[in-house]
Amino acid sequence: MEYRDVIATRHSVRRFTGKAVERELIDEMIAEAMTAPSSKNSRSTGFMVIEDKSTLEAISEMRESGSSFIAGAAAAIVVLGDEEKTDLWVDNASISTTYLMLSAVDKGLGSCWVHVNGRPRSKTDASKGMAEDYVRELLGVKDNMRILCVLALGYEESK
């Protein structure tokens, strides 16, 4: 696919078929995202691939709204930033996530960025805590790694 077609075609996908995404495609996406520029070449971005349905369902509960569709995705990529490598981890991880989304289009996949960093689990009940803390505990994320977002991934359901 030509680059201009990739950027013209990319859109957020929240409805997926039940078809599994081939692991080779996900690995290619991550390899491409790892070529994204980073501040001072710090390479502070990391990725966790989630394909287990029960874990996807649990992740979908990280926020009261805006994350439930993750349960219907074939996979999700958790995008992480190492805050010990650079204070610009958010910027680096954002660029890498953009690469992931464009790569998904090129491979015939749909995706949707679900923001985690700085987002509460509930807009009305602060006692529920932050989405990042929930996902961190759920997945056992290391202390130095921060979670920017979860990229829901799969084949788009026909409209």
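As shown above, the structure is provided for reference.
Fair warning: this is a prediction, and the values are worked out from it, not measured in the lab. (Residues numbered from 1 in each chain as written. Predicted model: local features only at pLDDT ≥ 70, side-chain atom pairs only at ≥ 80, totals over all residues. Heavy atoms only, no water.)

Novice: Break down the packing of aromatic side chains for me, with residues and values.
Specialist: For the structure on display, the rule yields 0 aromatic pairs. Cation over ring: Lys19 sits above Tyr155, and NZ or CZ is 4.4 Å from the ring centre. Stacked on the ring of Tyr134, the Lys or Arg Arg121 has its end atom at 3.9 Å from the ring centre. (Phe/Tyr/Trp six-rings, centres within 6.5 Å; stacked < 30°, edge-to-face > 60°. Lys NZ or Arg CZ within 6 Å of the ring centre and 35° of its normal.)

Novice: Could you give an account of unusual backbone geometry, with specific residues and numbers?
Specialist: One non-glycine residue, Lys40, lies in the positive phi region at around 50°. With respect to the element layout, Lys40 can be found in the loop between α2 (23-33) and β1 (45-50). Phi angles above zero are rare outside glycine, and Arg43 is one such case at about 50°. The class of Arg43 is partly exposed, set by a relative accessible area of 37%. (Helix = DSSP H or I, 4+ residues; strand = E, 2+ residues; numbered from the N terminus. Buried < 20%, exposed > 50% of the residue type's maximum accessible area, 1.4 Å probe, protein only.)

Novice: Give me the side chain of Asn144: which residues, what numbers.
Specialist: Relative to the helices and strands, Asn144 is located in the loop between α5 (131-139) and β4 (145-154). Within the structure, the side chain of Asn144 is placed 3.0 Å from the side chain of Asp82, a separation counted as a polar contact. In contact with Asn144, not counting residues within four places along its chain, are Gly81, Asp82, Glu83 and Glu84. (Polar contact = N/O pair within 3.5 Å; in protein donor to acceptor, adjacent residues only side chain to side chain. Contact = heavy atoms within 4.5 Å.)

Novice: So what's going on with the environment of Ala74? Which residues, and what values?
Specialist: Looking at the element boundaries, Ala74 is found in the loop between α3 (53-59) and β2 (75-82). For Ala74, a relative accessible area of 17% puts it in the buried group. When the C-alpha atoms of Ala74 and Ala31 are compared, they prove to be 19 Å apart, with 43 residues separating the residues in sequence. Once residues lying within four places of it in the same chain are set aside, the contact partners of Ala74 are Lys19, Ala20, Val21, Glu51, Leu56, Leu153 and Gly154.

Novice: Please set out the pattern of salt bridges residue by residue, giving values where relevant.
Specialist: All chains considered together, the criterion is met by 9 salt bridges. In this structure, Lys107 engages Glu32 in a salt bridge whose closest nitrogen and oxygen atoms are separated by 3.0 Å. Of the two residues, Lys107 is situated in the loop between α4 (89-106) and β3 (110-115) and Glu32 in helix α2; the sequence distance between them amounts to 75 residues. We classify Lys107 as buried; its relative accessible area is 15%. Across the pair Arg146 and Glu83 runs a salt bridge whose closest N-O atoms are separated by 3.4 Å. A residue pair is termed long-range when its members are at least 10 positions apart, and Arg146 in strand β4 and Glu83 in the loop between β2 and α4 qualify at 63 residues. With a relative accessible area of 38%, Glu83 lands in the partly exposed category. Salt bridges sharing common partners tie together Glu83, Glu132, Arg136 and Arg146. (Salt bridge = Lys/Arg side-chain N within 4 Å of Asp/Glu carboxyl O.)

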